[in-house]
Number of protein chains: 2
Amino acid sequence: MTASDLLSSDTSSRIVTPRTLKGFTDRMPEEALAKSAMLSRLAQVFCSFGYAPIETPHLEYFETLNKEGGQEIQHQMYRFTDHGDRDVALRFDLTVPLARYVVQHRNALGLPFKRYCIGNVFRGENPQAGRYREFTQCDFDIVGSHSIGADAEIVQVMASALQHLGIADFEIRINHRQFLEGYCKSLGLSSKAPAILRILDKSDKESRESLATMLREGEGLTSAQIEDLFKLFTIKEGREDMAFLQDPAALRVNDETAKALDDLIQLFRIVQPLASCRAVCKLDLTIVRGLGYYTGIVYETTLTALPSIGSVCSGGRYDNLTQVFSREAIPAVGASVGLDRLLAACRQLGLLHERPTPAEILVTFGTDSSLPQAHALAHELRLTGKLVEVYPESAKLKKQLTYANRKAYKFVVIVQEEATQSKLSLKNMTTGDQQDVHDAAEITHLMGSS
Amino acid sequence: MTASDLLSSDTSSRIVTPRTLKGFTDRMPEEALAKSAMLSRLAQVFCSFGYAPIETPHLEYFETLNKEGGQEIQHQMYRFTDHGDRDVALRFDLTVPLARYVVQHRNALGLPFKRYCIGNVFRGENPQAGRYREFTQCDFDIVGSHSIGADAEIVQVMASALQHLGIADFEIRINHRQFLEGYCKSLGLSSKAPAILRILDKSDKESRESLATMLREGEGLTSAQIEDLFKLFTIKEGREDMAFLQDPAALRVNDETAKALDDLIQLFRIVQPLASCRAVCKLDLTIVRGLGYYTGIVYETTLTALPSIGSVCSGGRYDNLTQVFSREAIPAVGASVGLDRLLAACRQLGLLHERPTPAEILVTFGTDSSLPQAHALAHELRLTGKLVEVYPESAKLKKQLTYANRKAYKFVVIVQEEATQSKLSLKNMTTGDQQDVHDAAEITHLMGSS
């Protein structure tokens, strides 16, 4: 750019302030690398259970997304009119599009059908710490089966997913919507059940007292009803899940609760014997799950060392969701990893080893005449499986070593021209050792042995 | 659902027709699996060159996207007003957001900086065969270097990316924008250069005659000027690139063309010796690249066996793009794989082995009482690294084997309850052989040896 360009008001008027929208964020390389490694591992876990990926568009007809997900989410939708005058919206989750997809492609897909989907969703909610208006969800679902075997498999995928991300201390808390509804019914509170469950759903954030106030003042529950409801928090009291579930007393108060408890017994019979699930699956009769569409067993996952971050993987059975698109109710059960929240958690727990580059070795060189040699050497190193960056241009060695340090390179190759031939050396950035080398094979050997 | 539900007009009025928006599409599992495998391989290649991933939002301020990309794309933008009355749009490529990102985070990033970005972009163009309004781009760029070393590296990444996708027959055609502009200048056509290049850019689709008509009637070129321009199509005539470039005559008509040819010589000196590039990189003096923002070397990639599909990986140098966001011009060079187009091409070329499930083995069982055993067996098989699906529910064996065939499973385990104990057998779906087995280890062994 010339001085006259800098002074030209025409140029300066063109400058647009570089900024992201409120509630949206960029990811820097170290974060994006960590996230991308997590996504690969999750995809591997999903595949290991036979879940195939699918894709649906980010943009849908508004009416497709309109009917589900609760009023709050409806308000948060990015909705607009497109070029063709269509009423459209950005998806706010991956589950409603799945319901649309399954009905639309039912014959080609066949049922039952297991899928995973990794994608971004959009909610115009007021941004909170670590929560954005665009975020990544990783969903896995079994569509087309009423069997508790399917519910039990989702729990296994949840456990395996977190374990493969290197997270050891977590709890998958399991409950049954029909148990909660049956229990409310037994207290004479059937019609108020949805409102009561919405309040109960806040139990991770609100004190027992504050919940009681909401139930009494908001919903008109008596103290006795509240006391009976709050028994759910204490009734298990350290008893082992299976022993508790098989105890015939107390909670089998009507057909609904009995059926729900039998479902839970069947689920625990499948998952309890498995090493991946034994220590992490816990019955918790107070779990609700926020979204309106769950109809059966529900799950939430808490990180033991970081409960404040909330559930990092949740889900449940939703047997009615396809009813929006079809007169037939296709049963489904699934869960979702909130990847951005989990990434933030992993950072807090020190589980991420963040570097701004995926490469292991940097090739540096002093003059443009060394460019062919530097690129040829990198080419050879890549053939041995190494991840190799070539510094983009000739520069002073000091500048290139500063770059190497900033990117946390452990190894740097230095290509130098000397008289008629060139010289290679390998520098270990940790120890500072530098030694002459002859070729890619020697470099690979030295990197392996250090 | 009960009969009364089916008859209720209230229920039927709620049915939403399941459909995607015009120009948008879902991906079925077999396609999405193939695409996801391609994306993993591409990410591996980008990492092998030291490119780190970054993320930018799908949604940006309209003004961020407004200044670049040509008028046509501006019309095709999904633009709307959000809840906060902001003028926003869905991104139409990954390059303009990169320019915004680099200026915004310049200090944290440091320059030079190599990044890749895999993401979806949106263009409301009229859908053509195999082209959608939402599609996936895989971009890789070097920001902050003027060196031809950077241009030469992008060519290597392009070649390596296609080779790692199993594509052997392709050509990377390379040219220089400044050569084209200098050559136009030498013909006295400087002011018309942009319009002329736009016409030249259609040479893959339009006949030479039709181009001549456009140049004569649209831009008022004389027959002599058109003849001189068309020399670019024939002047190389089978000569080897380096030999041709070093020939001092003919094309070194002014400083611009001479400088451009020197750049190209430097690039070919770097890439020609490399096994990955030698056979695929070709000088082509007629390549333009559509988008307005290129300023130097440009590339296009054609599949030899499927030229009609157009360029599957294109790019070039764009040294002025950040000027929209900053008074400083930060140089950059990069390219982009059009993944959806490439996926369609790979299918046509028979390079995809599509299956609707990633799993290798299906565990079937007859009754709910076998659920714990079926899941325990699958759990053990996964520990040996196998990808294992458990059929979601108890069902007739025939139904489960139909499912296995539809999903192209080669192996099925059958769990059967017999009197007091259960029996396992392994069925090879290809040969029809079935044999009794005792445990996961035996299954793994037999799968490996078949």
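Residues numbered from 1 in each chain as written. Chains lettered and ligands numbered in written order. Predicted model: local features only at pLDDT ≥ 70, side-chain atom pairs only at ≥ 80, totals over all residues. Heavy atoms only, no water.

Draft legend 1. View of the overall build of chain A. Assigned secondary structure in chain A consists of 19 helices and 16 strands. Computed over the C-alpha atoms, the radius of gyration of chain A is 28 Å, more than 25% above the 22 Å expected from 2.2 N^0.38 for a compact globule of 450 residues. Overall, the C-alpha framework of chain A stretches about 95 × 60 × 50 Å when taken along its three principal axes. By residue count, 59% of the 450 residues in chain A fall in the buried class. Of the accessible surface of chain A, which amounts to about 18,200 Å², a share of 48% is contributed by carbon and sulfur atoms. Across chain A, the centroid of the 50 positively charged side chains sits 1 Å from that of the 56 negatively charged ones. (Helix = DSSP H or I, 4+ residues; strand = E, 2+ residues; numbered from the N terminus. Rg over C-alpha atoms; globule rule 2.2 N^0.38 Å. Buried < 20%, exposed > 50% of the residue type's maximum accessible area, 1.4 Å probe, protein only. Areas by Shrake-Rupley, 256 points an atom, 1.4 Å probe, with all protein chains shown as cover. Lys, Arg positive; Asp, Glu negative; His and termini not counted. Charge placed at Lys NZ, Arg CZ, Asp CG, Glu CD.)

Draft legend 2. The arrangement of the sheet that holds strand 2 (residues 59–61) of chain A in detail. Residue and element names in this part refer to chain A. One open sheet accounts for three strands, arranged 2-4-3; its pairing is antiparallel. Looking along the sheet, the strands with just one partner apiece sit at the ends: strand 2 and strand 3 (79–81). Taking each pair of neighbouring strands and ignoring which way they run, the sheet shows an average axis angle of 35 degrees. (Pairing = 2+ DSSP bridges. Axes fitted to C-alpha atoms, helices over the stretch in contact; angles between N-to-C directions.)

Draft legend 3. Main features of the packing of helix 9 (residues 177–186) of chain B against helix 14 (residues 255–271) of chain B. Residues and elements named next belong to chain B. For the pair helix 9 and helix 14, interaxial distance at closest approach is 7 Å and the crossing angle is 155 degrees. The angle between helix 9 and helix 14 places the two elements in the roughly antiparallel class. For helix 9 against helix 14, the interelement crossing comes out left-handed. Contacts from Gln 178, Phe 179, Gly 182, Tyr 183 and Lys 185 in helix 9 reach Glu 256, Thr 257, Lys 259, Ala 260 and Leu 261 in helix 14. Across the contact of helix 9 with helix 14, the residue classes break down as four nonpolar, three polar and three charged. (Parallel < 35°, antiparallel > 145°, perpendicular 65-115°, else oblique. Left-handed = near helix turned anticlockwise from the far one by under 90°. Contact = heavy atoms within 4.5 Å. Nonpolar A, V, L, I, M, F, W, Y, C, P; charged D, E, K, R; others polar.)

Draft legend 4. Summary view of the relation of the copies chain A and chain B. Relative to chain B, chain A is turned by 180 degrees and slid 0.0 Å along the rotation axis, the superposed coordinates differing by an RMSD of 0.1 Å. On this basis, the relationship between the two copies can be described by a two-fold rotation axis. Measuring from the rotation axis to each C-alpha of chain A, the shortest distance belongs to A:Phe80, at 3.1 Å. When you check the interface residues of chain A against chain B, 100% turn up at the interface there too, and the contact is symmetric in its surfaces. (Least-squares fit on C-alpha atoms with pLDDT ≥ 70 in both.)

Draft legend 5. A look at the interface of chain A and chain B. Facing the 110 residues of chain A at the interface are 113 residues of chain B. Between chain A and chain B lies a buried interface of about 9,500 Å² when both sides are counted; carbon and sulfur atoms form 58% of it. Put simply, chain A and chain B have ten salt bridges between them. Run the count over chain A and chain B and you get 39 residue pairs in polar contact (both at pLDDT 80 or more). The element contributing the most residues to the side of chain A that touches chain B is helix 3 (residues 29–48) of chain A, with seven residues. Of the residues assigned to the side of chain A that touches chain B, the class counts are 53 nonpolar, 31 polar and 26 charged. (Buried area = accessible area lost by both parts, 1.4 Å probe. Salt bridge = Lys/Arg side-chain N within 4 Å of Asp/Glu carboxyl O. Polar contact = N/O pair within 3.5 Å; in protein donor to acceptor, adjacent residues only side chain to side chain.)

Draft legend 6. Inspection of helix 8 (residues 148–164) of chain A at higher detail. All names here are of chain A. Relative to the 24 Å expected for 17 residues at 1.5 Å per residue, helix 8 spans 24 Å between its end C-alpha atoms, a close match to the ideal helical length. By the criterion of burial, helix 8 is predominantly enclosed, with 15 of the 17 residues buried. By the N-cap criterion, in which a side-chain oxygen at the helix start approaches the backbone nitrogen of a residue two or three places on, helix 8 is capped by Ser 147, the distance to Gly 149 being 2.9 Å. Within two residues after helix 8, Gly 166 carries a phi angle of roughly 85 degrees, on the positive side. (Expected span 1.5 Å × (residues − 1).)

Draft legend 7. Fine view of the nonpolar core. Core analysis: the biggest nonpolar cluster contains 114 residues, and A:Phe140 and A:Ile174 have the highest contact counts within it. Per-element accounting of this core gives the leading share, ten residues, to helix 8 of chain A. Judged by nonpolar contacts, the second largest core, of 113 residues, contains A:Leu377, B:Cys184, B:Ile297 and B:Cys346. (Core = buried A, V, L, I, M, F, W, Y, C linked by side-chain atoms within 4.5 Å.)

Draft legend 8. Spatial organisation of the side chain of B:Asn175. Residue and element names in this part refer to chain B. Summarising the element assignment, Asn 175 is placed in strand 7 (residues 170–176). A residue is classified by how much of its surface remains accessible, and Asn 175, at 0% relative accessible area, is buried. Of the polar contacts made by the side chain of Asn 175, one reaches the backbone oxygen of Asp 284; its length is 3.5 Å. Among residues more than four places away in sequence, those in contact with Asn 175 are Leu 180, Leu 264, Asp 284, Leu 285, Thr 286, Ile 287, Gly 296, Ile 297 and Val 298.

Draft legend 9. Structural view of helix 14 (residues 255–271) of chain A. In a regular helix each residue adds 1.5 Å, so 17 residues correspond to 24 Å; helix 14 of chain A covers 24 Å between its end C-alpha atoms and thus fits that length. Where helix 14 of chain A is concerned, the buried positions are A:Thr257, A:Ala258, A:Ala260, A:Leu261, A:Asp263, A:Leu264, A:Ile265, A:Leu267, A:Phe268, A:Ile270 and A:Val271.

Draft legend 10. Broad picture of the packing of helix 9 of chain B against helix 12 (residues 223–234) of chain B. All names here are of chain B. Closest axis-to-axis distance for the helix 9/helix 12 pair is 10 Å, and the angle between their directions is 150 degrees. As judged from the angle between their axes, helix 9 and helix 12 are roughly antiparallel. Crossing handedness for the pair helix 9 and helix 12: right-handed. Here Phe 179, Leu 180, Tyr 183 and Cys 184 of helix 9 lie close against helix 12, whose contacting residues are Asp 228, Leu 229, Lys 231 and Leu 232. Partitioning the contact of helix 9 with helix 12 into residue classes produces six nonpolar, no polar and two charged.

Draft legend 11. View of the packing of aromatic side chains. Residue and element names in this part refer to chain B. Counted according to the given criterion, the structure contains 19 aromatic pairs over all chains. With centroids separated by 6.0 Å and ring planes inclined at 70 degrees, the aromatic side chains of Phe 24 and Tyr 78 adopt a geometry described as edge-to-face. Taken as a pair, Phe 24 in the loop between helix 2 (9–13) and helix 3 (29–48) and Tyr 78 in the loop between helix 5 (70–76) and strand 3 (79–81) lie far apart in primary sequence, 54 residues in all. For the residue pair Phe 24 and Tyr 78, the accessibility class agrees, reading buried in each case. Judged by centre distance (4.9 Å) and plane angle (90 degrees), the ring pair of Tyr 391 and Tyr 403 falls under edge-to-face. (Phe/Tyr/Trp six-rings, centres within 6.5 Å; stacked < 30°, edge-to-face > 60°.)

Draft legend 12. Just the pairing of strand 11 (residues 332–338) of chain A, in detail. Residues and elements named next belong to chain A. Strand 11 sits mainly inside the fold: six of its seven residues count as buried. Where strand 6 (residues 134–143) lies against strand 11, seven bridges are found, and the strand directions are antiparallel. Bridging across to strand 11, Asp 141 finds its partner in Gly 334. The sheet contact formed by strand 10 (residues 313–317) and strand 11 spans five bridges and is antiparallel. Note that in strand 11 the partner of Cys 313 across the bridge is Val 337.

Draft legend 13. Local environment of the side chain of A:Thr56. Examined against the element boundaries, A:Thr56 turns out to sit in the loop between strand 1 (52–53) and strand 2. Classification of A:Thr56 by relative accessible area gives buried; the value is 9%. Apart from residues no more than four positions distant in its own chain, A:Thr56 is found in contact with A:Arg91, A:Pro97, A:Arg100, A:Tyr101 and B:Asp26.

Draft legend 14. Broad picture of the pattern of salt bridges. All names here are of chain B. The final tally for this structure, using the stated rule, is 58 salt bridges over all chains. Across the pair Asp 241 and Lys 236 runs a salt bridge whose closest N-O atoms are separated by 2.6 Å. Neither Asp 241 nor Lys 236 differs from the other in exposure class; each is buried. Residue Glu 300 pairs with Arg 289 through a salt bridge whose shortest N-O separation is 3.3 Å. Remark: Arg 289 occurs in the loop between strand 8 (281–283) and strand 9 (297–303) and Glu 300 occurs in strand 9; sequence separation between them is eleven residues.

Draft legend 15. Region of interest: the environment of A:Ala32. By the secondary structure assignment, A:Ala32 is in helix 3. Taking C-alpha positions, A:Ala32 is 8.9 Å from A:Pro356, a pair spaced 324 residues apart along the chain.

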